Amino acid sequence: MLGSRLLLQRSHALYGRSVNTWSAVGAAFNVQHQRSEHLQKNVGLFGVSELSSPAGFQMAQHQALREAEFLVRKARTHPPGAVTVETFDQLSDSLCRVADLADFIKVAHPDAAFREAAERTCVEIGTVVEKLNTNVDLCQSLKNLLENEAVLATLDSDTRRVAELFMFDFEISGIHLDESKRSKAVSLNVKLLDLYHEFLSGSHLPNAIDKQVLPEHIRNCFSIDGNRIQIAGLHADSPNELVREAAYKIFLYPNSSLLLCLDELLACRHELAALVGYESFAHRALKGTMAKTPETVMKFLKLLTEKLSDRTLRDFKMMKEMKKKTHSTNPEVMAWDHAYLSGAIRTEKFNIDPSVYSPYFSLGACMEGLNRLFIQLLGVSFQAEQPKMGELWSEDVRKLAVVHETEGLLGYIYCDFFRRPDKPHQDCHFTIRGGRLREDGVYQLPVVVLMLSLPPPSSKTPSLLTPSMVENLFHEMGHAMHSMLGRTQYQHVTGTRCSTDFAEVPSILMEYFASDYRVVSQFAKHYQTGEPLPESLVSRLCESKRVCSAADTQLQIFYAALDQVYHGIPQNRSTTDILREIQAKFYGLPYVNDTAWQLRFSHLVGYGAKYYSYLMSRAVASMVWRQCFLQDPFSREMGERYCREMLAHGGSKEPMLMVQGMLQKTPTIEDFVDALVLDLDTNVKSHA
């Protein structure tokens, strides 16, 4: 496989005299794609031969299901031992390899036929997984292993943990219940899938209003459809206060059917959790995380609120003073003002203009910077590969091989970075295939996709990134390297398949590298002149991020607390009444009557009871940065410790044990809070 690698040739496009320094990696991202003239065989999406056409999803699905049937029989009949766990992992892998790929294609492929075929496959395999999770005979084979102390004593710690994780999956699906209750658990899970779809779809729909309701001078700020105005977002950055207020009140106006959907969704989650033996859905969701319990999460959020209170009040006071300068008719800071006023304060203090930074941040330069950083820290480099015909879903996707200096090829990253029509506007990481040690002793290489929404290169200019785009690129690459370096024996716990509040640590840690001038100066060069980005610009950028950062953090605390309460013990109150109360306790800006922000909180589906994870992961990342990398962001010693103690284990080790191994101490909730507060302190000396 390595021998057939074709490196992309260095580009000599007219991007200025510095272009001649690009390696194949930089050139691959700084030039427009050129089609190969050679006739090639269609190898199928990601090299899966069946997926050369939409119909191939049915073939891949049938093959995975046949393999699954064989593995289920093997697991049920084989004597308990390590082979039991290996068989379960093979079963998981055979289904995930098709389901994960389909899960990506259903949102990313430009061809509707591919998307629809992938969607059908997701539903089919999802149904099979639900049945397997309540297969009593299959569970019994695992139970026989876990109850046999003599056999357990022969298992290594990773194998034992993976066995326990598989059993946990059975338990939360109600495997220990009688047949009628198991059937109820299955029906609740099926019902929840429909409710998730309904809520997510509704959360993104615009709200419409008769155009006569709005003053004429602001109507053109929105989309007009005949006599109706469509409002599809909050317009939070608009300098016109009336536009912000109108958008907030109309976009967040309660939708009665969606309120009922959310009520039903939360009730179903609680019923399912109670059915399988948990006090609440939050208790079920948090088992196995760093936080472990809802009580710990709320302690974390309350303590952080207390520690930030003075800073948050100062931030809102600054916002109020800024609002006075705008000659507003309402001197009070309202919920629709937060984003605009904090941005206005940043502009007044630092006047950060993204267009000043962008020429220094060509995508090729940023990829070179990441490449150099990973070589120095981890001994890992990127190699640009020429994809084969049919391998990609869009010709502007780039393929990278990730290679370790001594271990060789680690896996592949497909970089779907550029905007295109109908592509989702989201920055995210998808696991297409997890790494695992196969029966033949060969390691199955992980494959991931990184999706961003960057401007594509033209014939005259490369893709130029704003500072926030650079930060997002580094963030997502943190996820990718977690997937590449998580060399676990089992794919069930490979890479980012770990607890949610730990999964964000590697990605957030990369944001600290992206803000450190010692790192940035290695690659940030003007794409035309080769001039380095001045250090003063990076310092100003970092200082600007701290403006109103306490209030911004408090807003995230409010969201996290709301998520916890919604998924806690049912309170027999409306979700809006709960929101009003939690907003008063955890935010600082008043609730606006006749609004239902919770109906736009789409993270309630994917992060149910786990939205706090971003804050807790940031706390851990901050501690790792300050203790291990602040002194030297290129330290190979610390890079190797980071890989050894955190990245390598995926989810095969308790998350807090990985944090302890990295920090060489056991952090407390107070330590997490202090780390976040320290990050917001403008008096902290930064190397950025």
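Here the structure is a predicted model, which is why all the values come from computation and not from measurement.

1. What to know about empty space enclosed by the protein
Counting across every chain of the model gives three cavities of 30 Å³ or more. Considered as a void within the structure, the largest cavity measures approximately 120 Å³ in volume. Forming the walls of the largest cavity are 13 residues, and the residues nearest its centre are Pro467, Ala514, Ser515, Leu541 and Lys545. The element contributing the most residues to the lining of the largest cavity is helix H21 (residues 535-545), with four residues. Split by residue class, the lining of the largest cavity holds ten nonpolar, one polar and two charged. Size it by volume and the second largest cavity reaches roughly 70 Å³. Along its surface, the second largest cavity is lined by Phe374, Leu377, Leu378, Gly478, Met481, Pro506, Met510, Phe513, Tyr642 and Leu647. For the lining of the second largest cavity, the secondary structure elements donating two or more residues are helix H16 (363-378), helix H17 (467-485) and helix H19 (505-514). Of the residues belonging to the lining of the second largest cavity, the class tally is nine nonpolar, one polar and no charged.

2. Here's the deal with the sheet that holds strand S10 (residues 447-454)
Overall, mixed pairing links the five strands, which are arranged S4-S5-S6-S10-S7 in an open sheet. Taken across any chain shown, the strands that pair with only one partner, and hence form the sheet edges, are strand S4 (380-385) and strand S7 (428-433). If you compare each strand with its neighbour and ignore which way they point, the axes differ by 30° on average. In this structure, S7 lies alongside S10, joined through five bridges in antiparallel fashion. By the bridge assignment for S10, Arg433 is matched with Val447. Lying on the sheet, H16 is in contact with S4, strand S5 (398-404), strand S6 (408-418) and S10; it crosses S4 at an angle near 140°. Sheet strands in contact with H17 are S4, S5, S6, S7 and S10, and its direction is about 175° off that of S10.

3. Section: the packing of aromatic side chains
Tallied over the full model, the rule gives 28 aromatic pairs. With centroids separated by 4.9 Å and ring planes inclined at 65°, the aromatic side chains of Phe104 and Phe430 adopt a geometry described as edge-to-face. Of this pair, Phe104 sits in helix H3 (residues 82-108) while Phe430 sits in strand S7, and the two are 326 residues apart along the sequence. Accessibility expressed as a relative area gives 13% for Phe430, which makes it buried. Here the aromatic rings of Phe558 and Trp597 are separated by 6.2 Å at their centres, their planes lie at 35°, and the arrangement is tilted. Taken together, the positions of Phe558 in helix H22 (residues 549-566) and Trp597 in the loop between helix H23 (575-586) and helix H24 (603-606) put the pair 39 residues apart, joining distant regions of the chain. Across the pair, Trp597 and Phe558 agree in class, each one buried. Through a chain of ring-to-ring contacts, the aromatic side chains of Phe316, Phe558, Tyr559, Tyr587, Trp597, Phe601, Tyr607, Tyr611 and Tyr614 assemble into a single cluster. Over the ring of Tyr412 we find Lys399; its NZ or CZ atom is 4.6 Å from the centre of that ring. Taking NZ or CZ as reference, Arg600 lies 3.6 Å from the ring centre of Phe251, over its face.

Calculation rules
Residues numbered from 1 in each chain as written. Predicted model: local features only at pLDDT ≥ 70, side-chain atom pairs only at ≥ 80, totals over all residues. Heavy atoms only, no water. 1 Å grid on protein atoms, 1.4 Å probe; cavity = no way out; pocket = protein on both sides within 12 Å on 5 of 7 lines; lining within 4 Å. Points joined across faces, edges and corners; volume = space filled by probe spheres on them. Helix = DSSP H or I, 4+ residues; strand = E, 2+ residues; numbered from the N terminus. Nonpolar A, V, L, I, M, F, W, Y, C, P; charged D, E, K, R; others polar. Pairing = 2+ DSSP bridges. Axes fitted to C-alpha atoms, helices over the stretch in contact; angles between N-to-C directions. Contact = heavy atoms within 4.5 Å. Phe/Tyr/Trp six-rings, centres within 6.5 Å; stacked < 30°, edge-to-face > 60°. Buried < 20%, exposed > 50% of the residue type's maximum accessible area, 1.4 Å probe, protein only. Lys NZ or Arg CZ within 6 Å of the ring centre and 35° of its normal.

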